[in-house]
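# Coordinates in review
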Amino acid sequence: MRLSGKSRAFGCAPLVAIAVGLSLFGLLMQYSASGYAALTRYGDEFFYLKKQSIALVAAVACMLFFSRVEPRLLAKLSPVFLVVSIGLLAALFIPGLGVEMYGATRWLDLGIGTVQPSEFAKFALVLFMASVLAEKREIGFGRFALCAFAAASVCVLIMLEPNMSIAVLVALVAMFMLFVCGVRLKWFAALSVPAVAGAVLLIVAEPYRLKRLLAFLDPWASPLGEGYQLIQSYYALGSGGMFGVGLFNSRQKYLFLPFAESDFVFSVVGEELGFVGCVAVIAAFCALIWYGFRTASRAEDAFSAFAAAGLTSVIAFQTLLNIAVVTGSIPPTGLPMPFLGYGGSSLVTFCSAVGMIDSIARRVPERLCLVPIRAVG
Amino acid sequence: MRNISHITLKGRLSAAMLLIALLFCALSGRLFYLQAIEGESLTDRAFGQWTRGLPMRAARGEIVTSDGVTLASSYDVFTVYVRPVETENVEETARAIAETCGAEYERILAKIDKTGVSEVRALTGASEAQTLALRSKGIAGVYVVADSARYYDMGNFATQLLGFVNADGVGQSGVEMYYDRYLKGTDGEAYTETDLIGDKLEGSHTSYLSPIDGATLTLTIDFTLQSLAEKAVRDAVEKYSPLSASCLMMDADTGEILAMAGAPTYDLNDLPRDDLALLLQGAKNTLVADVYEPGSTFKILTAAMGIEEGLIRDSYYCPGYRVVDGTRIRCWRSIGHGSQDFAHGIMNSCNCVFMDIALSAGTETTYDYLEKFGVGSRTGVDLPGEGAGILLSEESVKSVDLARIGFGQAVAATPIGLATAVCSVLNGGKLLTPYVLSSVTTADGAHALDNSPTIKGATVSETTSAKMKEYLYSVVEEGGGKNAYVPGYRVGGKTGTAQKYENGSIARGKYVSSFVGFTEIGGRTVVCLFKVDEPQGYVYYGSIVAAPYVGQIFSGAFAAFGVEPDYAENEIPATAEMPGLFGLSLTQAASAVKAAGLQYEFSGEGESVISQFPVEGTSLYEGAVVHFELG
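Keep in mind the model is a prediction, meaning the values are calculated, not measured.

## Here we look at the sheet that holds strand E19 (residues 491-502) of chain B
Residues and elements named next belong to chain B. Strand order in the open sheet made by the 5 strands is E10-E9-E21-E20-E19, with antiparallel pairing throughout. Unpaired on one side and paired on the other, strand E10 (257-263) and E19 mark the two borders of the sheet. Ignoring strand direction, the axes of neighbouring strands in this sheet form an average angle of 15 degrees. In the sheet, strand E9 (residues 244-251) pairs with strand E21 (residues 524-533) via 8 bridges, with the strands oriented antiparallel. If you follow Met-250 over to E21, its bridge partner there is Val-527. Against the sheet, helix H16 (residues 415-426) engages E9, E10, strand E20 (505-521) and E21, with an angle of about 35 degrees to E9.

Now the structure itself:
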């Protein structure tokens, strides 16, 4: 029996299944990681769980919605998305709208809740770049420059919040897109010069970044200062060992590990489920990314391919960066883990991205989708 | 919209995927390193932050005498800790602690009304009954931990020898400091699982690491002898108001310290902790730490050298001085001792005799002996802060100095150093290391350590030793040591009176009066050094100030140990009455004293006697030494 592409429930069911699975697993881990802290801070151990559950419902709704939206429409609307995103990023600087937390203005107060414009901006940029780069067979310098300019604008605005980690992520994703979408390697290489220079300049301009850098090299030098977060993450991972201390049995969640439910939820996974649990989560992400890239390589048109690759790369890079931070492999930056980490904006946008990829997968020429694929994760 | 070149896209996508896959592998490797390889050491490090420990103080070991009397012990007290984050109502908690433990409410409240600390020590020194009452109230955030406090069973007794501990139970001086490692034990801890702030985790258990109590130290100190020594030094302080009086008793054959007392000092249970100068002064063990010019007691060593080296002449003439290299050195008796044999030279403590011995031995031989006797070095006694004697360097010694060294000047020794050297003269020539620790018994009753005598070197032969004993017996029986005499017993010894030096010159009117005596008690030769530093008043001769206390101690010891007197060998001497000497000239006074059957020492250079000791009519043993002053 051959299924018509457009009538299938999902374009790539395993992709959706993994994303939803990771999100549900995330809810569980966030509850375990945050229950004690929530009880202490808000007197309700389900505080974070409740908020994230609502976000998950919204996220699944968005995913289903976007999986039904035609890629062409996304391409058409992508400039609008980008302009709106940039507008929202700029709105952060309007007093009263931007909410400051942890010394940075990253959240926009919508009255009913707060959102992080940067979460939307990174996907909007991906869609915009995909549509620009896919328009002509040859990518001229003008398009290349337009993309680079758009990426730079988003980066600079995010940088001003300041939120270096997302800015770096956006830069990485933009580079990835330029590379994968076939920009001449010469131009591509030329672009890395200002990128590297910019990174160095940022570190020099803000001494605290250098301090953070040093802390990452030797966290024990300042166990109560710069090195604290990382040491706590090490303690969590280390005490987990191979098989973990068991679900809900984390010791580090008793306020020792900061941001245990968001940026460092993976540390709690490592503590409670051990190395084995960590590898299982990594495997699930790898499968997700693989399905995403496979969709890209089979897409029916250039925009779909570029968009699928770009959206997947956001998931891939953010996951890599998060695990690298948690394991002390790069200087600590605040990035939630996709799907697993607490944060409504993040969950909604990642699920929406999965919905878009699914929509693209639905339009893959039939002959490529003969064999139903079983979920791996 | 254009169709894509799948070749380019696929190629570049594959490259990117490969890179991403490699990065995931690298991070998995990093995870493996942190979790599987470093896991255990990280867990160990993390343990420290997951628990809060309350100390459980190990009880400090007891200190007992060789005859089993406890001098220092420990008792349980309780410390009340409060974890402010766990308390529900600070005022009520403070009131409960104050009421049950009899403390002031405001003080407790001020201590526990804090934030940002995990636990505070609200009260120390609570009794078991008080803490039981407190516990029965079951107040959240209140913890009671057993602690240990020090108690000195005899109070002001062997104060400098025992030493004391600080508020945290760490030895600060004396045996408490020197053997702190045995006494202190190993503290335990009560661990409670908490969160970052120190809040106890629900359902968590408190685990205990029990303390290991300190070991019991048995000292070589004999309680009876120590008591006698304590009494004697206090009597001396009362009578002469000196800077200090001290007494050291040693077993001449083993080097065991049998008594070590000093006065004035304080009750170890009531230390003047607020007055640091007083605290340190009373803690200083002058018998071990301070050096002094020993004076005539040093002649024991010079005499022993003379006999050992065959330098003793048949007769010595004392005109009251010797001229050495053009310098006139006076004998203590300015009118001289006349012609005398060696035995009388010792009895009279004639400086000329000992100058002659030292000069005939020469610098090299004399210094050889000084070194053998350990003068100028430390004995190695197991007490803190031992001082070393002082010798002029051998190269710079002139004949004048050598002559003076012969009778105990121009040389400095610690009392314990001198006593140790004297022991070697009496025990057949063994230079021993004095010691106060006899054995160590751990808290579970196991014998951990038994101390035994250590022979450091040889000084004189058995023959010399035997001769010296007889000479020293005669000093007490017939000579200047008569005041240490105990009828029916053989007591030997040597008096010593030394002038003190201050800033390099002789300090007028400041003397150290001392006596080194010995006797046989229960088969052991007991040496007793008694020293009075700066006795007030005109009497300062060791024969008068120090010797009687040695007699008093020995007499007490004979009674306590049931040593029977032997009158057959040593008749009870007849008694004599002290005549009145006021206004008499030197010759008149001297003949009056002799006529009464007494010996005398005098001071001053005036026409007539202006004071005497003891008062007229005092009953004394025949041959006792009395004193008068001319003015």
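So much for the structure itself; the text now carries on.
## Comments concerning the packing of aromatic side chains
The description of two aromatic rings rests on the distance between their centres and on the angle between their planes. Residue and element names in this part refer to chain B. A full pass over the atoms with the stated rule returns 38 aromatic pairs over all chains. Aromatic side chains Tyr-473 and Phe-518 sit 5.0 Å apart centroid to centroid with 45 degrees between the ring planes, which places their arrangement in the tilted category. Here Tyr-473, found in helix H17 (residues 462-477), pairs with Phe-518, found in strand E20; they are 45 residues apart in sequence, far enough to count as distant. A relative accessible area of 6% places Tyr-473 in the buried class. We classify Phe-518 as buried; its relative accessible area is 2%. For the ring pair Phe-602 and Phe-628, a centre distance of 5.8 Å and an interplane angle of 10 degrees mean the geometry is stacked.

## Observations concerning the packing of helix H3 (residues 71-91) of chain A against helix H4 (residues 117-134) of chain A
Between two packed helices, what matters for the description is the angle formed by their axes and the separation of those axes. Residues and elements named next belong to chain A. At a closest axis distance of 8 Å, the pairing of H3 and H4 adopts a crossing angle of 145 degrees. The two elements H3 and H4 meet at a crossing, and its hand is left-handed. Together, Ala-75, Ser-78, Pro-79, Phe-81, Leu-82, Ser-85, Leu-88 and Leu-89 of H3 and Pro-117, Ser-118, Phe-120, Ala-121, Ala-124, Leu-125, Leu-127, Phe-128 and Ser-131 of H4 make up the contact between the two elements. Of the residues belonging to the contact of H3 with H4, the class tally is 13 nonpolar, 4 polar and no charged.

The rules behind these values
- Residues numbered from 1 in each chain as written.
- Chains lettered and ligands numbered in written order.
- Predicted model: local features only at pLDDT ≥ 70, side-chain atom pairs only at ≥ 80, totals over all residues.
- Heavy atoms only, no water.
- Pairing = 2+ DSSP bridges.
- Helix = DSSP H or I, 4+ residues; strand = E, 2+ residues; numbered from the N terminus.
- Axes fitted to C-alpha atoms, helices over the stretch in contact; angles between N-to-C directions.
- Contact = heavy atoms within 4.5 Å.
- Phe/Tyr/Trp six-rings, centres within 6.5 Å; stacked < 30°, edge-to-face > 60°.
- Buried < 20%, exposed > 50% of the residue type's maximum accessible area, 1.4 Å probe, protein only.
- Left-handed = near helix turned anticlockwise from the far one by under 90°.
- Nonpolar A, V, L, I, M, F, W, Y, C, P; charged D, E, K, R; others polar.

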